[in-house]
Amino acid sequence: MTTTTASRDVAVLSAHRVVTEAETTRSLEEMIFEVTSAALEAAGLDHASLDGVVLSGQDQTDGRVISCMTSAGPASGVDRDTTMIASSGEHALIYGWMRLLSGQGRNVLVVGWSKPSESVDPDRAELVSAEPFVLRPTGMNATIAAALQASRWTPPDTTVDDVVAWPLGVSDLPARADAVYAFVLTVGDAVGDRTPRAWIRGAGWSTEAYEFGSRDLATPTALLQAVERLGDAPGVTEWDTIEIAAPSEPAVRHVVDAIRVDPFAAVNPSGSLRESPAPPHVAGLGRMFAALDAVSAAPGPRVAAGIGLHGFAGQGATVLVVSNKRKG
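From a predicted model like this one, the values you see are computed outputs, not experimental measurements.

Quick notes on the rules
Residues numbered from 1 in each chain as written. Predicted model: local features only at pLDDT ≥ 70, side-chain atom pairs only at ≥ 80, totals over all residues. Heavy atoms only, no water. Helix = DSSP H or I, 4+ residues; strand = E, 2+ residues; numbered from the N terminus. Rg over C-alpha atoms; globule rule 2.2 N^0.38 Å. Contact = heavy atoms within 4.5 Å. Areas by Shrake-Rupley, 256 points an atom, 1.4 Å probe, with all protein chains shown as cover. Lys, Arg positive; Asp, Glu negative; His and termini not counted. Charge placed at Lys NZ, Arg CZ, Asp CG, Glu CD. Axes fitted to C-alpha atoms, helices over the stretch in contact; angles between N-to-C directions. Parallel < 35°, antiparallel > 145°, perpendicular 65-115°, else oblique. Nonpolar A, V, L, I, M, F, W, Y, C, P; charged D, E, K, R; others polar. Buried < 20%, exposed > 50% of the residue type's maximum accessible area, 1.4 Å probe, protein only. Pairing = 2+ DSSP bridges. Salt bridge = Lys/Arg side-chain N within 4 Å of Asp/Glu carboxyl O. Patch = residues over 30% accessible without salt bridge, like charges linked within 9 Å, V, L, I, M, F, W, Y side chains within 5 Å. Core = buried A, V, L, I, M, F, W, Y, C linked by side-chain atoms within 4.5 Å. Arc of directions from axis to C-beta. 1 Å grid on protein atoms, 1.4 Å probe; cavity = no way out; pocket = protein on both sides within 12 Å on 5 of 7 lines; lining within 4 Å. Points joined across faces, edges and corners; volume = space filled by probe spheres on them.

Novice: I tried to follow the overall build of the protein on my own but got confused; where do I start?
Specialist: A tally of regular secondary structure across the protein gives nine helices and twelve strands. The C-alpha atoms of the protein give 19 Å as radius of gyration, which agrees with the globular expectation for 328 residues (20 Å, within 12%). Considered along the principal axes of its C-alpha atoms, the protein spans approximately 60 × 45 × 30 Å. Long-range contacts, defined as pairs at least 24 residues apart, comprise 77% of the intrachain contacts of the protein with a sequence gap of at least 6. Surface exposure of the protein reaches about 14,200 Å², of which carbon and sulfur atoms provide 53%. Of the charged side chains in the protein, 25 are positive and 39 negative, and the gap between their average positions amounts to 5 Å.

Now the structure itself:
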């Protein structure tokens, strides 16, 4: 799908998050309520003043069937237009942006979460994703998929310390965490005298075929297509900061090479995949949150991009471009 910047500018008025290695004192619903309430307060809004809510969770990981039934309440979704996006958290954020561009309301709350600590075995959920009808003692999961992809870029005689799945070691793989993110988006003429976290300047996304056999794991096709579909948003050469959520550190480096990032741009200044833990479903949201930080704290005009790769070996890619300067 191709996106273009419409005449209606959209700002991220506020954003809030809770990220912890393993939350044991609060339920997922309590975490959602805490984060959404803080985001609304920072935006100068309340639950009753929302025009719409967009949610994104992963039922298998969170152990909840049709999880929006339990999360809609704490996320302000009662008695208002509420949409659940299951593919990834970053898709929910893009959907919220598109909703406002199309004229559906003046503001929207976007909430994405994942709480793998509640799952007895998070790897089992990944097995179900790979083979929804058959569970096998061994099978595909995110780590194996990331290793298969990284092996395409690695000489076969490479030695790896603390190997998890060759050629990936512990430091190459993302760290898990429990996380909830909330963003309040609003149209430009509703910002008033408030200072937004950033202005959304454009977005692009794409998804490759599910089957590994029909994909070239060494080439990030979905990402390249997503970048091409940014419309008139600031392009790669204009990005001062790039925050990337990827299956592995080799994949991060390959993203930088594939889209030809400016050598002077800051890549993942918020930390490595181990230093900035996040569950896979909302890892992209975490990097987009970091991109907001990069421009909102800048003394002069800045442009940042948040990139989220989701699915096994980066099957899908989403790029969000933000700036502290409104278009024009």
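On we go from here.
Novice: Hey, could you run me through the packing of helix H4 (residues 89-101) against helix H9 (residues 283-296) in this one?
Specialist: Two quantities define a packed helix pair, namely the angle between the axes and the distance from one axis to the other. Two numbers describe how H4 lies on H9: the axes approach to 6 Å, and their chain directions differ by 55°. One element, H4, and the other, H9, form an angle in the oblique class. When H4 is examined against H9, the residues Gly89, Glu90 and Leu93 are found in contact with a partner set consisting of Gly284, Leu285 and Met288. By residue class, the composition of the contact of H4 with H9 is three nonpolar, two polar and one charged.

Novice: Just checking my understanding: could you explain the pairing of strand S8 (residues 198-207) for this structure?
Specialist: For S8, the tally of buried residues reaches nine of ten residues, placing the bulk of the element in the interior. Two elements, strand S1 (residues 10-20) and S8, share three bridges in a ladder whose sense is antiparallel. Within S8, the position partnered with Val12 by the bridge is Ala198. When S8 meets strand S12 (residues 316-323), the two strands line up antiparallel, connected through eight bridges. Pairing of Thr207 across the sheet is with Gly316, part of S12.

Novice: Looking at this structure, I do not really get the sheet that holds S1. What am I missing?
Specialist: Backbone hydrogen bonds hold the strands of a sheet together, and the pairing may be parallel or antiparallel. Spatial ordering of the open sheet is given by S3-S2-S4-S7-S1-S8-S12-S11-S9-S10, a layout of ten strands whose pairing is mixed. Because the sheet does not close on itself, it has two edges, and the strands there are strand S3 (82-84) and strand S10 (266-267). Against the sheet, H4 touches S1, strand S2 (53-56), S3, strand S4 (107-114), strand S7 (178-187), S8, strand S11 (303-310) and S12, its axis set at about 120° to S8. Contacts between helix H8 (residues 249-258) and the sheet are confined to strand S9 (241-245), S10 and S11, with S9 contributing the most and set at about 135° to the helix.

Novice: Explanation requested: the pattern of salt bridges in the structure shown.
Specialist: Side chains that carry opposite charge are capable of pairing whenever their charged atoms lie near each other. Overall, the coordinates contain twelve salt bridges when judged by the stated rule. Of the charged contacts, one joins Glu23 and Arg26 as a salt bridge, the two residues approaching to 2.8 Å between their closest N and O atoms.

Novice: Just to check I follow, could you spell out a nonpolar patch on the surface for this structure?
Specialist: A surface patch of nonpolar side chains, amounting to about 360 Å² of accessible area, comprises Val65, Ile66 and Met69. Mapping Val65 onto the fold places it in the loop between helix H2 (59-62) and helix H3 (68-71).

Novice: Mind showing me how you'd approach the environment of Thr20 here?
Specialist: Structurally, the position occupied by Thr20 is in strand S1. Residues Thr20 and Ala177 lie 157 residues apart in sequence; the distance between their C-alpha atoms is 5.6 Å. If we skip the residues at most four places from it in the chain, Thr20 touches Ala177 and Asp178.

Novice: Just to check I follow, could you spell out the nonpolar core for this structure?
Specialist: Within the largest apolar cluster, 36 residues are counted, with the highest numbers of intra-cluster contacts made by Phe183, Leu185 and Val322. Of all the secondary-structure elements, those providing two or more residues to this core are S1, H4, S4, S7, S8, H9 and S12. In terms of residue count, the dominant contributor to this core is H9 (seven residues). With sequence-adjacent residues up to four places away left out, Leu185 is seen in contact with Val10, Ala11, Val12, Leu93, Gly96, Trp97, Leu100, Arg106, Asn107, Val108, Val110 and Ile200. Counting residues in hydrophobic clusters, the runner-up holds 26 residues, among them Ile244, Ile259, Leu273 and Ala305.

Novice: Just checking my understanding: could you explain helix H7 (residues 221-228) for this structure?
Specialist: Count 3.6 residues to each turn of an α-helix, and residues three or four apart come out pointing the same way. When we look at burial in H7, the residues that qualify are Ala222, Leu223, Ala226 and Val227. The arc that holds the buried residues of H7, viewed along the axis, is 135°, so those residues lie on one side. Those residues of H7 that are buried lie in contact with S8, H8, S11 and S12.

Novice: Hey, could you run me through unusual backbone geometry in this one?
Specialist: The general pattern is negative phi for most residues beyond glycine and trans for most peptide bonds. The residue after Trp166, namely Pro167, is reached through a cis peptide bond having omega 5°. Mapped onto the elements of the fold, Pro167 is located in the loop between strand S5 (163-165) and strand S6 (168-169). Positive phi, normally seen in glycine, also occurs at Asp162, with a value near 50°. Given a relative accessible area of 61%, Asp162 falls into the exposed group. Although it is not a glycine, Arg260 sits at a positive phi angle of roughly 60°. Take Arg260: it is sitting in the loop between H8 and S10. By relative accessible area, Arg260 is classed as exposed at 71%.

Novice: Please clarify how empty space enclosed by the protein should be interpreted in this entry.
Specialist: Unfilled space is identified by rolling a water-sized probe across the atoms. Evaluation of the coordinates by the stated rule reveals two cavities of 30 Å³ or more. For the largest cavity, the calculated volume is near 110 Å³. Taken together, 19 residues form the lining of the largest cavity, with Gln149, Pro220, Leu309, Ala313 and Gly314 sitting closest to its centre. Elements represented by at least two residues in the lining of the largest cavity include exactly H7 and H8. When residues in the lining of the largest cavity are grouped by element, the largest group, three residues, is from H8. Taken together, the residues of the lining of the largest cavity break down into twelve nonpolar, four polar and three charged.

No statement about biological role is implied by the geometric values presented.
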